[in-house]
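Spelled out from the first residue to the last, the chains are:
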Amino acid sequence: MNYLVEKASLVSDIRIDTKKVEDSVVFLLPERKPSRPLQEFFPWLSSLSLEIEAVRDIYKRMSFSIELEGLRYRCQHMRDNVFSLRLAMGACIPLEDLGIDQPYRNRLLSKELKSSGGLILVSGLPGSGKTTTLAATISDRLRLTGGYAVSIENPIEMPIAGFHGESGYCEQMSIEPGECFYDKIVDSLRCFPSGDTSILALGEIRENDAAAELLRIGIDGHLVMSTIHAKGPIEALHRLLSMASQDGESSARSLLANSLKLVVHQTMINNKPHLTALDVTDKVRATILNGNLDGLKDDVKATQVKAMAERGYKTS
């Protein structure tokens, strides 16, 4: 089994057919190109199938996670007996070890955010490493500034519950069958110690009511962090505003302008994270209030120029 575990750790994604594992598809690192599994991999696929079948009726079509021999997978039902599995990291890795450049680490770990609170968005396309970066940010911030964090996820992908440093602690809450993100957010706010408004993290913004609630919480002193699917920082704001507005939040633009602190957008190139960002200035807030989000393109460019200068590159 140790040999199979080693082989399995080199497979980033699996499209598994729980009834005919030989028809499954594996995506090998680092290229992540689809290929047919070798016969020697069939016992691993069969074991994964048993784990899935044991819990599939509980979660129906929801995302869920399974673990086999220390390897954790995020699972999503696709059709009939076919599931999409993505290998999750077994332990949280610091931002620096992930290869996140210093200018972006400085922004994500700003000590000022502990007192000011607000909203941090990590955007990107599926498979861009958003969740990994979010988890690393939570862990690094707790080690650096201490405090309490609650992370709400569906499913829990990376174990970060417990102490981080001497005075930082994280709780992870999963979405159970029949629950929704909004209800879980409301419940989580009751879990914060009296007077503590450290970190509230949402694994991914998927529901309109959750998007609206995060905007409201972001102006109340909490440091709110989440990921969102988008192809760029501006597109992330478009999507967030659209979702909150569809929930009936008439003050969505005002809430976003007053709560937003940072947007970082991540892509993976040769399995290394590459980030762009949007620093939130008074000018950016005014642009959001005016509703001209596409007018933020120059501000995104300005943030990149500033980041390059911080890395020591000449920008003239």
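Residues numbered from 1 in each chain as written. Predicted model: local features only at pLDDT ≥ 70, side-chain atom pairs only at ≥ 80, totals over all residues. Heavy atoms only, no water.

**Observations concerning helix α9 (residues 233-246)**
- Its 14 residues give α9 an end-to-end C-alpha distance of 20 Å, which sits within 8% of 20 Å, the value for a rise of 1.5 Å per residue.
- Along α9, the residues classified as buried are Pro-233, Ile-234, Ala-236, Leu-237, Leu-240, Leu-241, Met-243 and Ala-244. (Helix = DSSP H or I, 4+ residues; strand = E, 2+ residues; numbered from the N terminus. Expected span 1.5 Å × (residues − 1). Buried < 20%, exposed > 50% of the residue type's maximum accessible area, 1.4 Å probe, protein only.)

**Side note on the sheet that holds strand β3 (residues 33-35)**
- Reading across the sheet, the 6 strands line up as β3-β2-β1-β6-β5-β4 and stay open at both edges, with antiparallel pairing between neighbours. In this open sheet, the two strands that pair with only one neighbour each are β3 and β4 (64-68). The average undirected angle you get between the axes of adjacent strands in this sheet is 25°.
- Bridge analysis of strand β2 (residues 25-28) against β3 gives 3 bridges, and the strand direction is antiparallel. (Pairing = 2+ DSSP bridges. Axes fitted to C-alpha atoms, helices over the stretch in contact; angles between N-to-C directions.)

**Some thoughts on helix α2 (residues 42-59)**
- The terminal C-alpha atoms of α2 lie 25 Å apart, and with 18 residues this matches the ideal 26 Å at 1.5 Å per residue to within 8%.
- For α2, the principal kink sits at Glu-53 and spans about 30°.
- When we look at burial in α2, the residues that qualify are Trp-44, Leu-45, Leu-48, Ser-49, Ile-52 and Arg-56.
- Each element contacted by the buried residues of α2 is listed here: α1 (2-8), β1 (11-17), β4, β5 (71-79) and β6 (82-88). (Bend = angle between axes of the 7 residues up to and from the residue. Contact = heavy atoms within 4.5 Å.)

**Some points on unusual backbone geometry**
- Note the cis peptide between Leu-29 and Pro-30, where omega equals 5°.
- Going from Asn-154 to Pro-155, the amide bond is cis rather than trans, its omega being -5°.
- Position of Pro-155 relative to the elements: it lies in the loop between β8 (147-153) and β9 (162-164).
- The phi dihedral of Arg-32 is positive, around 60°, even though this residue is not glycine.
- Following the sequence through the fold, Arg-32 ends up in the loop between β2 and β3.
- With phi around 40°, Asp-80 is a residue other than glycine that occupies positive phi space.
- Looking at where Asp-80 falls in the secondary structure, it is placed in the loop between β5 and β6.

**Focus on the packing of helix α10 (residues 252-259) against helix α11 (residues 282-290)**
- The geometry of α10 relative to α11 is characterised by a closest axis approach of 8 Å and an angle of 170° between their N-to-C directions. Classified by the interaxial angle, the pair formed by α10 and α11 is roughly antiparallel. Here Arg-253, Ser-254, Leu-256 and Ala-257 of α10 come into contact with α11, specifically with Arg-285, Ile-288, Leu-289 and Asn-290. (Parallel < 35°, antiparallel > 145°, perpendicular 65-115°, else oblique.)

**Notes on the sheet that holds strand β11 (residues 199-202)**
- Spatially, β9-β10-β8-β11-β12-β7-β13-β14 is the arrangement adopted by the 8 strands of the open sheet, whose pairing is mixed. Each edge of the open sheet is held by one strand with a lone partner, namely β9 and β14 (272-279). Neighbouring strand axes in the sheet, compared pairwise and without regard to direction, differ in orientation by 20° on average.
- Where β8 meets β11, 4 bridges bridge the pair, whose relative direction is parallel. Considered in β11, the bridge of Ser-151 is made with Ala-201.

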